[in-house]
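Okay, here's what each chain looks like letter by letter:
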Amino acid sequence: MEARNFSDISYEQYLNEGKLMGSRCKRCSALYTPPRSICIKCHGYDMEWVEMHGKGKLVAFTCISIGPPFMADEGFNRNNPYCVGVVELEEGTRVDARIEDIDTLNPESIKIGMPLSAKFLYKEEGKHLKTYLAFKPS
Amino acid sequence: MAGAGMSKFGMFKDKDSKDLFAEAFNKMASSVDKGFDPNDIDAFYLGNFTNDFFVRQAHWGPIISDLIGIAPKPATRTEGACASSALAFREGVFAVASGFYDIVLVGGLEEMSKCSTSEVAEGLAMGTVPYEGNIGFTFPGVFGVLATAYFEKYGASREHLMNVTIKSHNNAALNPKAQFNLSIGDIMNGKIKRSREKGLSLPKWKDEKDFLRDPAANPPVAWPMHLYDCCPISDGASCMLLVAEEIAKNFTDDPLHVVGIGQGSGKGLHAVSSLTSFEATKYAANEAYGMSGLKPEDIQFAEVHDCFSIAEIIHIEDLGFFKPGEGYRAVQEGLTRLDGSKPVNTSGGLKCKGHPVGATGIGQLFEIWEQLRNNAGQRQVPADNLRIGAAHNLGGTGGTCTFTILERR
């Protein structure tokens, strides 16, 4: 795979390309999502890219009624809350993500442990392209 | 610790950061039993999270040192999100303990209410880790996530969180400096009274929990965090005078001693090993207990960082007051009430006293000062020999946590 820095910028570039990428320490094999450039287990800094399969399960979540202005601009409010959560991937690491295609006005219907698969939310276009990592029920 | 002061916390359209700090400083000065000369202050440490964002002004150290007339003495700002002033306090302790300075002023400050709620949410979210804030996590959202994880693991529910809220309001009703010094019952009856006066149909709340269950009265902010699970937006300032032990008698015959002080750092939600505990709190507590030789059962009462109701439950477990998974039961049984075996957040906590984020760490220590010196009035902890209290402050999503143990000898 091409040489990109193991950075948040690269993580977001890959999301723009529809890929959920992590990094793996070549010395101790520890895996990280989002990618880390320094291994926090063995302090090694020789990493390689690994593409995640995008399957996982919901670990914890919240349905937010009062968000920051950029979420309000997307149309979210008290009557239309959005869900964000922590997802544990099949590969064993976790990511923060938006959770989509669920009933955010009825949060008790959202179950921890539910199987999820990745979807990419593309906002804006061209050089302003920004992609949110999201998951939906499998 | 030879003096301590705090402004009233609240939302003040007609007071700015300088007004609030002046109020805290003057209160502190009048609390020093034998008086002191501000010219004797060797250095100043000020905690402030992000007045840069809230009022578009940074670099508050020298602004405040000039305000109180101690410039050109060194003024240093510390930032640890909502734990900013606990870090200022810690720097002050190090400066005195090292022998470098003898008399140090420490303080905290935040001015939030000039922003809209949405702007405050955005400003505070700058204290999350990058992957959280930029996908829409707010602080209530982060603690909402922890609550769902806690509920799943231990079988607790929103009903248990309500016990924390009701207890905080009961304590704050006895604290004249609190932003919300009303019990939930007072708030509920006030709303019923206003409905009656306006000739509207009367709400049918049976009791405090029934009120908190009503989504019209207590709407969701970041489910399962509802309005009354969340601390308010606040303005406020706090400060304290730290002096070397050898000269303390020049200021007071009744100083408090810093016997344990700890600080830890933590990771984002995606990277932590547990979503029902803060590693940084445990590290800080371990350090403070180790330094003091004290154990959790020796802490007679504590202020803990209850930015949200679930946070208080997690902290009282992490600090060793109760076993993991038993915090919510302890609150339900009343053990953390003012008259319980381990009073927690006697001030009303962040939830009701208010949470001007940069002022909170020293604001918590101010409550320990008031309690240990028997100044807490109606909310005085009813123990015969009150000697040891502690404060736990948390910044970000557990990124910075401190634990400080104070003793009256």
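Structure: above.
Residues numbered from 1 in each chain as written. Chains lettered and ligands numbered in written order. Predicted model: local features only at pLDDT ≥ 70, side-chain atom pairs only at ≥ 80, totals over all residues.

Trainee: So what's going on with the overall build of chain B? Residues and values would help.
Mentor: When helices and strands are tallied, chain B shows 15 helices and eleven strands. In terms of overall size, chain B behaves like a compact globule, its C-alpha atoms giving a radius of gyration of 20 Å where 409 residues would be expected to give roughly 22 Å. Along the first, second and third principal axes, the C-alpha set of chain B runs to 60 × 45 × 45 Å. The burial tally for chain B puts 60% of its 409 residues in the buried class. Pairs at least 24 residues apart make up 76% of the contacts formed inside chain B by residues separated by at least 6 positions. (Helix = DSSP H or I, 4+ residues; strand = E, 2+ residues; numbered from the N terminus. Rg over C-alpha atoms; globule rule 2.2 N^0.38 Å. Buried ≥ 20, exposed ≤ 12 C-beta atoms within 10 Å, placed from the backbone. Contact = placed C-beta atoms within 7 Å.)

Trainee: I'd like a description of the interface of chain B and chain A, backed by residues and values.
Mentor: The interface of chain B with chain A comprises 26 residues on the first partner and 28 residues on the second. Where the side of chain B that touches chain A is concerned, the elements lending two or more residues are α5 (117–125), α6 (130–133), α7 (139–154) and β5 (220–223) of chain B. Along the lines of polarity and charge, the residues of the side of chain B that touches chain A split into 15 nonpolar, eight polar and three charged. Across two bridges, strand β4 (residues 55–64) of chain A lies against β5 of chain B in antiparallel orientation. Looking at the pairing, I64 of chain A lines up with A222 of chain B of β5 of chain B. (Nonpolar A, V, L, I, M, F, W, Y, C, P; charged D, E, K, R; others polar. Pairing = 2+ DSSP bridges.)

Trainee: Can you explain the sheet that holds strand β3 (residues 75–78) of chain B? Please cite residues and give values.
Mentor: Residue and element names in this part refer to chain B. Overall, mixed pairing links the five strands, which are arranged β1-β7-β4-β2-β3 in an open sheet. Looking at which strands have only one partner, the edges of the open sheet turn out to be β1 (3–6) and β3. The mean angle between the axes of side-by-side strands here comes to 15°, regardless of whether they run parallel or antiparallel. Examined bridge by bridge, strand β4 (residues 103–111) and strand β7 (residues 235–243) share nine bridges and lie antiparallel to one another. The residue bridging G108 from the neighbouring strand is S238, located in β7. Of the strands in this sheet, β2 (43–47), β3 and β4 are in contact with helix α3 (residues 60–67), which crosses β3 at around 135°. Helix α4 (residues 84–97) contacts β2, β3, β4 and β7 of the sheet and is inclined by roughly 170° relative to β4. (Axes fitted to C-alpha atoms, helices over the stretch in contact; angles between N-to-C directions.)

Trainee: How would you summarise unusual backbone geometry if you had to cite specific residues and measurements?
Mentor: With an omega of 10°, the peptide bond running from A71 of chain B to P72 of chain B counts as cis. Omega for the bond connecting W223 of chain B with P224 of chain B falls within 30 degrees of zero, at 5°, which places this linkage in the cis form. Looking at the element boundaries, P224 of chain B is found in the loop between β5 and β6 (225–226). The backbone of S29 of chain A shows a phi angle near 70°, a positive value even though the residue is not glycine.

Trainee: I'd like to hear about the environment of P38 of chain B, residue by residue, with values.
Mentor: Residue and element names in this part refer to chain B. Topologically, P38 is positioned in the loop between α1 (17–31) and β2. Overall, P38 belongs to the partly exposed group, with 14 C-beta atoms counted inside 10 Å. As for P38 and I184, which are separated by 146 residues in sequence, their C-alpha atoms are 42 Å apart. Beyond its immediate sequence surroundings of up to four residues, P38 is in contact with I68, G69 and I70.

Trainee: Kindly report on the sheet that holds strand β9 (residues 301–303) of chain B, identifying the contributing residues and their values.
Mentor: All names here are of chain B. Taken in spatial order, the four strands make up an open sheet running β8-β11-β10-β9, and their pairing is mixed. Sheet topology places β8 (256–265) and β9 at the edges, where each strand pairs with a single neighbour. Taken pair by pair, the neighbouring strands of this sheet meet at an average axis angle of 15°, ignoring direction. Looking at chain direction, strand β10 (residues 388–395) and strand β11 (residues 400–408) are connected through eight bridges and run antiparallel. Across the sheet, N393 pairs through a bridge with T402, a residue of β11.

It is worth stressing that arrangement in space is one thing and function is another; only the former is reported here.
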